Amino acid sequence: MSITTPQGFTAAGVPAGLKSTGAKDVALVVNAGPRFDSASVFTANRCKANPILWSQEVVKDGTVKAVVLNSGGANCYTGPEGFQTTHAVAERVAEHVGIGALDVVVCSTGLIGLTNDREQVLAGVDAAYDALSGEGGDDAAAAIMTTDSVSKQVVVEGAGWSIGGMAKGAGMLAPQLATMLVVLTTDAVVPAGELDTALRAATRVSFDRLDSDGCMSTNDTVTAMASGASGITPSPDDFTAALTQACTDLAMQLLKDAEGADHEIAITTLNAATEDEAVEVSRSVARSNLFKAAIFGNDPNWGRVLASIGTTDATFDPADLDVAMNGVWVCRQSTPHADPESVDLSAREVSVTIDLKSGSERATVWTNDLTHAYVHENSAYSS
């Protein structure tokens, strides 16, 4: 179950010495075709890493033939030397595969301001190329991990075609797109324009709704490649649904592995005037440290939910809000309702439901609680 499940793809993950632990830290995914359609979405952070600056140019023509990724260093704010390293890595991949460097997406993850040793990365590319195989997906998924405790992979089967995916991410999870690298592969025939439309629709309701800690990364990349090797052209609706399923599955894996988390929290806003307002309300709650700390303490403090709703521009009557926690309506018409003591928050999965009574739109944002372990992890982070 990996990115090499779809026909036409090989992958590898190898150690290159970028991680002090000696773990795998360079991954390579190659599309053998016959088609090379691609689409990508990147971080909305204006402060972007060198691989983003490179890859944004690569993807403009809708053709990507390989993706190379390293963990152990973000290659962000490393000056002209860092960009030259990104370029050199793309050139080395291109030389091996027999393609142009401008068909190679480059991704990096790790500490900002850490200069990756160019010769180590290039040696890793050489080793990864030599190790490419149809069984290399697991190694590739392991090679992109940083603070992740487990690798993240998914496969969604279509009617004679499939989608494979791998992701990394455990902290700085906030749109767009969470501190993550994601590679998606498919052997369906999907022209680049349709792939771009499907990818943006899928990420909008998956990765962009994941808001672990409100911190937006500099390196976020989601790249999809379509080999067309199955010879089957699914309908746009069928393909988008499958791609959305794959992205949502990976997003939930990211959430479950969020740094130090004890609870995964789904915040759903109902009956909003617009979908955007529903997202705004749910996200406001998701970003409340007071609310997140309360959930860590198993405290169903619905007052912190109302306080967060009130910071938004959404349409609602402040005197007529309903809030439920794990299905218990603890607040009706902005007043106490069921006994908060009846809410059991001991399980990892927590649901919060907010009824704005202002329309018919809804949206869910996923987050996690704020724990001692999260603070410890991010005060002593190493790549």
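The following paragraphs examine the structure supplied in this document. (Residues numbered from 1 in each chain as written. Predicted model: local features only at pLDDT ≥ 70, side-chain atom pairs only at ≥ 80, totals over all residues. Heavy atoms only, no water.)

1. Comments concerning the sheet that holds strand β3 (residues 37-42)
Spatially, five strands are ordered β3-β9-β8-β7-β6 in an open sheet, and the strand pairing comes out mixed. What marks the edges here is a single partner per strand, and that holds for β3 and β6 (152-157). Strand-to-strand twist of the sheet, defined as the mean angle between neighbouring strand axes without regard to direction, takes the value 10°. Across six bridges, β3 lies against strand β9 (residues 221-226) in antiparallel orientation. (Pairing = 2+ DSSP bridges. Helix = DSSP H or I, 4+ residues; strand = E, 2+ residues; numbered from the N terminus. Axes fitted to C-alpha atoms, helices over the stretch in contact; angles between N-to-C directions.)

2. A few points about the side chain of Lys-292
For Lys-292, the position within the fold is in helix α8 (residues 289-296). Within the buried set, Lys-292 has no salt-bridge partner at all; the shortest N-O distance to an opposite charge, 6.7 Å, is to Asp-211. Among the polar contacts made by the side chain of Lys-292, one reaches the main-chain carbonyl oxygen of Asn-368 at a distance of 2.6 Å. (Buried < 20%, exposed > 50% of the residue type's maximum accessible area, 1.4 Å probe, protein only. Lys, Arg positive; Asp, Glu negative; His and termini not counted. Salt bridge = Lys/Arg side-chain N within 4 Å of Asp/Glu carboxyl O. Polar contact = N/O pair within 3.5 Å; in protein donor to acceptor, adjacent residues only side chain to side chain.)

3. A word on the nonpolar core
In this structure, Val-67, Val-68, Leu-69, Val-104 and Met-166 are the most contacted members of the largest nonpolar core, which totals 44 residues. Sequence-distant contacts of Leu-69, that is, excluding residues within four places in its chain, are made with Asp-25, Val-26, Ala-27, Cys-107, Ile-144, Met-166, Leu-181 and Val-183. Ala-167, Leu-199, Leu-250 and Leu-254 belong to the second-largest nonpolar core, a separate cluster that totals 31 residues. (Core = buried A, V, L, I, M, F, W, Y, C linked by side-chain atoms within 4.5 Å. Contact = heavy atoms within 4.5 Å.)

4. So, the pairing of strand β1 (residues 9-14)
Taking burial as the measure, the six residues of β1 include five buried ones, the bulk of the element. Alignment of β1 against strand β2 (residues 26-31), held across six bridges, turns out to be antiparallel. Opposite Gly-13, over in β2, you have Ala-27 as the bridge partner.

5. Brief notes about the sheet that holds strand β15 (residues 361-368)
Overall, mixed pairing links the six strands, which are arranged β13-β12-β11-β14-β10-β15 in an open sheet. Two strands in the sheet have a free side with no partner beyond their single neighbour: β13 (335-336) and β15. Alignment of strand β10 (residues 264-272) against strand β14 (residues 349-355), held across seven bridges, turns out to be parallel. Looking across to β14, one finds that Ala-266 is bridged to Ser-351. Of the strands in this sheet, β10, β11 (322-325), β14 and β15 are in contact with α8, which crosses β10 at around 125°. Packed on one face of the sheet, helix α9 (residues 302-309) meets β11, β12 (328-332), β13 and β14 and runs near 135° to β11.

6. What about empty space enclosed by the protein?
Under the criterion given, the structure shown has one cavity of 30 Å³ or more. Roughly 80 Å³ of internal volume is contained in the largest cavity. Residue lining of the largest cavity: 13 residues in total, with Asn-70, Val-89, Val-106, Ser-108 and Val-121 positioned closest to the centre. (1 Å grid on protein atoms, 1.4 Å probe; cavity = no way out; pocket = protein on both sides within 12 Å on 5 of 7 lines; lining within 4 Å. Points joined across faces, edges and corners; volume = space filled by probe spheres on them.)

7. Let's talk about unusual backbone geometry
In this structure, Pro-34 follows Gly-33 across a cis peptide bond, with omega equal to 20°. In this fold, Pro-34 is placed in the loop between β2 and β3. The phi angle at Tyr-77 is positive, at roughly 55°, despite the residue not being glycine. Mapped onto the secondary structure, Tyr-77 falls in the loop between β4 (66-71) and α2 (79-97). In this structure, Lys-357 takes a positive phi of about 55° despite not being glycine. In this structure, Lys-357 sits in the loop between β14 and β15. Overall, the relative accessible area of 36% leaves Lys-357 in the partly exposed class.

8. Quick look at the packing of aromatic side chains
Evaluated as defined, the whole model comprises two aromatic pairs. With a centroid separation of 5.7 Å and an interplanar angle of 45°, the aromatic rings of Trp-161 and Phe-239 are classed as tilted. Of this pair, Trp-161 sits in the loop between β6 and β7 (162-168) while Phe-239 sits in helix α6 (residues 236-256), and the two are 78 residues apart along the sequence. Each member of the pair Trp-161 and Phe-239 is classed as buried. When the ring centre of Phe-36 is taken as origin, the NZ or CZ atom of Lys-65, which lies over that ring, is 4.8 Å away. In this arrangement the basic side chain of Arg-332 is found over the ring face of Trp-329, its NZ or CZ atom lying 4.3 Å from the centre. (Phe/Tyr/Trp six-rings, centres within 6.5 Å; stacked < 30°, edge-to-face > 60°. Lys NZ or Arg CZ within 6 Å of the ring centre and 35° of its normal.)

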